[in-house]
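# Examination of the molecular architecture
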Amino acid sequence: MTGDEVEKLLDVLVLAQNRFHDLGMRRKAVLSQLPLNVTLLLVTGVLVAVDPRTLSTRGFVAGQVIVLVLLGLCAAVPWQRLPGWAVLAIPLLDFVPLALIRPSVGGVISGLGLLAVFPVIWLSGSGYGPRLTVALSAFASLLMVWLPLLVLGAAEPHNLVSEIVVPFMLVAVAISIAVLTMSGLAQQRRAEELLARSETRQRLLDTVLDTVDVGVLVLDREGKDVFMNTKQRQLYLASVPPGAVEVDESELLLYRDGSEQLLPAEERPVNRALAGEQLSHEIFRLGRGPESRTVSISAREFEDATGERAGTVLACSDVTEVVAAVRARDSFLAAMSHEFRTPLTSLLGYAELLQDDPSLSPAALSDLQVMSRNARHLRKMVDDILAASIEGSTPDLPRVRLDLSRLVRQAAASAAPDAEARSIALTVEADGALPILGDGSGVVRILDNLVSNALKYSDEGTKVTLVAERDGEWAVCSVIDEGFGIAPGDLRRVFTRFQRGDAALRSGVPGTGLGLALAQEVAELLGGQLEVTSQLGVGSVFTLRLPLAD
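Here the structure is a predicted model, which is why all the values come from computation and not from measurement. (Residues numbered from 1 in each chain as written. Predicted model: local features only at pLDDT ≥ 70, side-chain atom pairs only at ≥ 80, totals over all residues. Heavy atoms only, no water.)

## A closer look at the overall build of the chain
How we decide: By definition, any uninterrupted DSSP run of H or I lasting at least four residues is a helix, any uninterrupted run of E lasting at least two residues is a strand, and each is numbered from the N terminus. Relative accessibility decides the category of a residue: with a 1.4 Å probe and only protein chains considered, values under 20% of the type maximum give buried, values over 50% give exposed, and everything between is partly exposed. By definition, residues are in contact when any of their heavy atoms lie within 4.5 Å. Residue burial considers only the protein chains on display, and all accessible areas are found by Shrake-Rupley using a 1.4 Å probe.
Broken down by element type, the chain carries 17 helices and 13 strands. Looking at the chain as a whole, 37% of its 550 residues are labelled buried. Put simply, 62% of the contacts in the chain that link residues at least 6 apart link residues at least 24 apart. Of the roughly 30700 Å² of accessible surface on the chain, a fraction of 59% belongs to carbon and sulfur atoms.

## Describing unusual backbone geometry
With a phi angle near 55 degrees, His-281 is a residue other than glycine that sits in the positive phi range. Mapped onto the secondary structure, His-281 falls in strand 4 (residues 279–286). Given a relative accessible area of 61%, His-281 falls into the exposed group. Of note in the backbone geometry, Ser-423 takes a positive phi value of approximately 60 degrees without being a glycine.

## A short note on the pattern of salt bridges
We count it as follows: A pairing counts as a salt bridge when a side-chain nitrogen of Lys or Arg comes within 4 Å of a carboxyl oxygen of Asp or Glu.
With the rule as written, the count across this model stands at 16 salt bridges. One salt bridge in this structure joins Arg-53 and Asp-51, with 3.2 Å as the shortest N-O distance. Taking relative accessible area as the criterion, Arg-53 reaches 66% and is therefore assigned exposed.

## Observations concerning the packing of aromatic side chains
Counted only if it meets this: Aromatic pairing here means that ring centres of Phe, Tyr or Trp (its six-membered ring) are within 6.5 Å. Orientation follows from the plane angle: under 30 degrees is stacked, over 60 is edge-to-face, and everything else is tilted. In this scheme, the term charge over a ring applies when either NZ of a lysine or CZ of an arginine sits within 6 Å of the ring centre and within 35 degrees of the ring normal.
Under the counting rule described, the total for this entry stands at one aromatic pair. For the pair Tyr-457 and Phe-484, a centre-to-centre distance of 6.3 Å together with 70 degrees between the ring planes defines the contact as edge-to-face. Taken together, the positions of Tyr-457 in the loop between helix 14 (440–456) and strand 10 (463–471) and Phe-484 in the loop between strand 11 (474–480) and helix 15 (488–491) put the pair 27 residues apart, joining distant regions of the chain. The class for Phe-484 is partly exposed, based on a relative accessible area of 25%. The ring of Tyr-255 carries the charged tip of Arg-285 above its face, separated from the ring centre by 4.5 Å.

## Regarding helix 4 (residues 89–105)
Selection rule: An expected span of 1.5 Å times one less than the residue number is assigned to each helix.
Between its first and last C-alpha atoms helix 4 spans 26 Å; for 17 residues at 1.5 Å apiece the expected length is 24 Å, and the two agree. Residues Ile-90, Pro-91, Asp-94, Phe-95, Pro-97, Leu-98, Ala-99, Ile-101, Arg-102 and Val-105 constitute the buried set of helix 4.

## Comments concerning helix 3 (residues 58–76)
We apply this condition: Taking the helix axis as origin, the arc is that swept by the directions to the C-beta atoms.
The end-to-end C-alpha separation of helix 3 is 26 Å, in line with the 27 Å expected for 19 residues at 1.5 Å each. Of the positions making up helix 3, those classed as buried are Gly-59, Phe-60, Gly-63, Gln-64, Val-67, Leu-70, Leu-71, Cys-74 and Ala-75. Mapping the buried residues of helix 3 onto a view down its axis gives an arc of 150 degrees, with all of them on the same face. Seen from the buried face of helix 3, the exposed residues on the opposite side, beyond 90 degrees, are Arg-58, Leu-68 and Ala-76. Those residues of helix 3 that are buried are in contact with helix 2 (25–50), helix 4 and helix 5 (117–124).

## Concerning the environment of Glu-429
Relative to the elements of secondary structure, Glu-429 occurs in strand 8 (residues 425–430). Judged by relative accessible area, which is 46%, Glu-429 ranks as partly exposed. Placed 20 residues apart in sequence, Glu-429 and Arg-409 show a C-alpha to C-alpha distance of 9.0 Å. When neighbours within four sequence positions are excluded, Glu-429 is seen to be in contact with Thr-465, Leu-466, Val-467 and Ala-468.

## A short note on the environment of Leu-180
Inspection of the secondary structure puts Leu-180 in helix 8 (residues 165–211). Measuring from C-alpha to C-alpha, the distance between Leu-180 and Gly-127 comes to 9.9 Å, with 53 residues separating the pair along the chain.

## Notes on a nonpolar patch on the surface
Here is the rule: Patch membership is restricted to residues that have no salt bridge and whose relative accessible area is over 30%. Joining uses 9 Å for like charges and 5 Å for the nonpolar side chains Val, Leu, Ile, Met, Phe, Trp and Tyr.
On the surface, Leu-114, Val-161, Ile-164, Val-165, Phe-168 and Met-169 cluster together into a nonpolar patch covering about 570 Å² of accessible area. With respect to the secondary-structure elements, Leu-114 resides in the loop between helix 4 and helix 5. You can call Leu-114 partly exposed: its relative accessible area is 40%.

## Brief notes about the nonpolar core
Counted only if it meets this: Nonpolar core, defined: a set of buried Ala, Val, Leu, Ile, Met, Phe, Trp, Tyr and Cys residues in which side-chain atoms within 4.5 Å join the residues together.
In this structure, Leu-404, Val-443 and Leu-447 are the most contacted members of the largest nonpolar core, which totals 38 residues. Those elements giving two or more residues to this core turn out to be helix 13 (404–421), helix 14, strand 10, strand 11, helix 17 (515–525), strand 12 (529–535) and strand 13 (539–547). Residues Val-67, Ala-75, Val-120 and Leu-123 belong to the second largest nonpolar core, which totals 37 residues.

## Describing the sheet that holds strand 11
For clarity, the threshold we go by: By this definition, two strands are paired if DSSP reports at least two bridges between them. Under this scheme, a helix contributes an axis fitted over its contacting stretch, all axes are lines through C-alpha atoms, and angles between N-to-C directions fall in the 0 to 180 degree range.
Ordered by their spatial adjacency, five strands build an open sheet running 8-10-11-13-12, and the pairing between neighbours is mixed. Both outer strands of the open sheet, strand 8 and strand 12, are each paired with one neighbouring strand and no more. On average, each strand axis in the sheet is inclined to that of its neighbour by 15 degrees, with strand direction left out of account. The sheet contact formed by strand 8 and strand 10 spans six bridges and is parallel. Bridge pairing links Leu-426 to Val-464 in strand 10. On the sheet, helix 13 packs against strand 8, strand 10 and strand 11 and is oriented at approximately 175 degrees with respect to strand 8.

Structural measurements only, silent on function.
Rendered as structure tokens:
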């Protein structure tokens, strides 16, 4: 053995700096054999003090020599090149010197047979076939105590029986060690399996977090970084001031969207999250200039196994392109809507002037009315697009006392000419006054949109009914038609901006897909709701619910 190997063995024996199962086969063999050699060396010292004559007996000398030879074999044999079970030859051979030494000095020192516990522990604790190793330990122990009696010719029955105690004790030790070893090996295999699964899951999680296009930052309870994936590192670099390498959180270029003022420390997402605040999709800007990024940040706390707060997770989604696309769309819609309104206003104005001309024939007057109606419809579509292009939060609507029943009758009266032109029966059923608090133009806009849609998507000869009634604390207006109906798949997006159902598209009726979306937004602002039920080929029922003022 080299000096380095000896040093490691001493570490195991004295300082326990290395684990036994991490050692090589040679070092394990030496460590397993060494206790027997050390104990026999102690026996030699005792004999020197008690009866030096026994040191010269042939059995004692031969036993000591064999034990030393076996220790040398442990250090010299290249066990790593042999099968793992080959090393068990050493503990089996240990019974030979013990069989020689025990009768030689048994009269001076009693209990030397218990020295066989060292090879028994080695055998039964090896983990190779517990039944076989226990059986070998029992057989070798019997030979150790009976063979000397057979050689000396003292193999009387009573002598053989009297020597059975030591082998029985050694077998009991062997069984106990084998059971503990197998239990330990099973636990070790289970622990290794769990560790392997844990490492696999950790690698999978790391791969997923580095693959997704969302920045993930994990902080411990003190606010120190625990994990930062690749995307988060990219976003972090975008917020670092030019020329800097790594800076503190307070020095990062972090702004509210649309502002050029750096966020103060108490308003920064990390500090707010560490203070226990939950963030949900808040928009911030990282960095300055063309390289800046707009991000949506959410933050949540997480707990450890005991339920204590362990840290915080922040998720950052890069929405730069999305925000830019929305702004470009809104700018385009606003510009186009304004451009359309100017010529449409002129067309409506001249059409109204021409309708006052008494020289017009009835046919020309009818044509002018058609032109005016279509121009008003086109202007309504432009108004819808303009309303949808407004950025930011929807403004608060003024609240005044209104009568929903009266507004429903007015909406029916306004739509009567269109219904008559389409040969559609338009009727109103109202309970009486239905007082609400709301914005007059907003409610009228909702009703006009619902009635207009009911007429547009109904065939000639059908019926459209407007019902105004009380329902508990609600003022309810239902617009019931016998039109095309809406497919179940389209009902989920009927109130989504710029979405139109398949039936509406097939009908060829013009529209932007904005009217119902804007109507629902106004209804929600007034504390109400807009609902729909429909069946293809049967018709639809749009229901507006607004809270009663009383």
